[in-house]
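Remarks on the overall topology
Residue-level listing of the chains:
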Amino acid sequence: MRPCSTVMHLLLRCMRRCCRHSHRHSRSRMARRLRQPVNYIRLIFKSLYFNSLTNSEVLLDCILEPVFWMVEVVTRWFGMVFVFLVVALTSSVVFIGYFCLLPLVLQTYSPGWMIWHICYGHWNLVMIVFHYYKATKTPPGYPPKTKNNDVPFVSFCKKCVIPKPARSHHCGICKTCILKMDHHCPWLNNCVGHYNHRYFFSFCLCLTLGCMYCSISGHSLFIDAYNAIDQFRHLEAEKQGVPVTGIGLLIGIVPSEGMAGKVSQPPYTYKDRMFHKSVMYMWVLTSTVAVTLGALTLWHAVLITCGETSIERHINNKEAKRLAKRGKVYRNPFNYGKLNNWKVFFGVEKRSHWLTRVLLPSGHSPYGDGLTWDIYPLKKDMMQV
């Protein structure tokens, strides 16, 4: 019995080894069969977001393409609505200034302050209206639709199918390329480019100064109007009856006859109420715009100082990081120095231009044609201003 049991044990061990070997062999053979289609599927998946021409950023753009499309459609179709809002809100503040605040200034202020408010307010208003009109009506500039051997270009637009000069970019809302494009502004219903960039910045700057002027000069009026409305609300509550505190719930609400005082309050007319609400509306609106638009204006001032646009700041940062990995330093080829950048932007050629072209409305054209950028071949002050 013992030899038989030993033989059976050996046979069982052999069978187990054969089964394990065949199972491993079949499993490895199945793995080899599945390896090729799995690798092929993996390669197809990777080709969707990365190859020699694209990267992960292109994939992200493709995923967000519906969002971009929705923003472009809304901005394109509601452009006139945004323009109407700018005109309506600005006109409302001007209306309040003329019919509510100006009579108050003429009655209470000294002649010196009266002249200051009238002169500065009207100068600020003229600058805002002029630059907003020019920014909306002036085309930003477009590259030539046909190939011109005299015009240098740095790339090719796949959507417009035309050569792109330096600093030009395609606008998805305008459906065309823009010279020295900064961004598409929905509040202008227009692109900000080479020919209207100065108008856009001057409008933002003057509107910010105007809102700051209204906010600072109308601060005391806002407090007085708020206190007057709050006092009127308390008077209205006393007329209807107010709960008496400190006595308990047995007395309840005392009628207004029991609360009437010996001194009669002056009547709070509808005209007074509208005046105080108008002052509060103007102060809240101008203060909000001064903060938000002031931040935007400051950001564009930094870009102008560096000789960049909003799009170029993003591109230059990426290029600077790429060269930094190689131990190199990126230099903006369109940066002519801080002061020269402002001179080129405003078109200042002599000292008198700081008055006639910066502090006063001026419709002069910017430097160059937006196709070539060799204004200052040397990085030095070419205009001693």
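Here's a quick rundown of the structure. Since this is a predicted model, take the numbers as computed values, not measurements.

Between its first and last C-alpha atoms helix H4 (residues 79-108) spans 42 Å; for 30 residues at 1.5 Å apiece the expected length is 44 Å, and the two agree. Largest kink in H4: about 45°, centred on Leu 101, with the proline Pro 103 one to four residues after it. Among the residues making up H4, those that are buried are Gly 79, Val 83, Val 86, Ser 92, Val 93, Ile 96, Cys 100, Leu 101 and Val 105.

On to the pattern of salt bridges, then. Under the defined criterion, the tally for this structure stands at three salt bridges. Across the pair Glu 308 and Arg 313 runs a salt bridge whose closest N-O atoms are separated by 2.5 Å. One exposure class covers both Glu 308 and Arg 313, and it is buried. Among the salt bridges present, the one from Arg 322 reaches Glu 319, with a minimum N-O distance of 2.3 Å. Taken together, the residues Arg 322 and Glu 319, both in helix H10 (residues 310-325) and three residues apart, mark about one turn of the helix. Relative accessible area serves as the criterion here: at 35%, Arg 322 is assigned to the partly exposed category.

Even without being glycine, Arg 167 reaches a positive phi, approximately 75°. Following the sequence through the fold, Arg 167 ends up in the loop between strand E2 (162-164) and strand E3 (169-171). Overall, Arg 167 belongs to the buried group, its relative accessible area being 9%. One non-glycine residue, Lys 175, lies in the positive phi region at around 60°.

Tallied over the full model, the rule gives three cavities of 30 Å³ or more. Lining of the largest cavity is provided by 19 residues; of these, Arg 167, Lys 180, Asn 341, Val 344 and Phe 345 occupy positions nearest its centre. Counting only elements with at least two residues in the lining of the largest cavity, the list comes to helix H6 (197-217), helix H9 (270-306) and helix H11 (338-346). Considering every element that reaches the lining of the largest cavity, the biggest residue donor is H11, with three residues. Classifying every residue of the lining of the largest cavity by side-chain character gives eleven nonpolar, four polar and four charged.

Cut-off values and rules
- Residues numbered from 1 in each chain as written.
- Predicted model: local features only at pLDDT ≥ 70, side-chain atom pairs only at ≥ 80, totals over all residues.
- Heavy atoms only, no water.
- Helix = DSSP H or I, 4+ residues; strand = E, 2+ residues; numbered from the N terminus.
- Expected span 1.5 Å × (residues − 1).
- Bend = angle between axes of the 7 residues up to and from the residue.
- Buried < 20%, exposed > 50% of the residue type's maximum accessible area, 1.4 Å probe, protein only.
- Salt bridge = Lys/Arg side-chain N within 4 Å of Asp/Glu carboxyl O.
- 1 Å grid on protein atoms, 1.4 Å probe; cavity = no way out; pocket = protein on both sides within 12 Å on 5 of 7 lines; lining within 4 Å.
- Points joined across faces, edges and corners; volume = space filled by probe spheres on them.
- Nonpolar A, V, L, I, M, F, W, Y, C, P; charged D, E, K, R; others polar.

In short, geometric facts, not functional conclusions.
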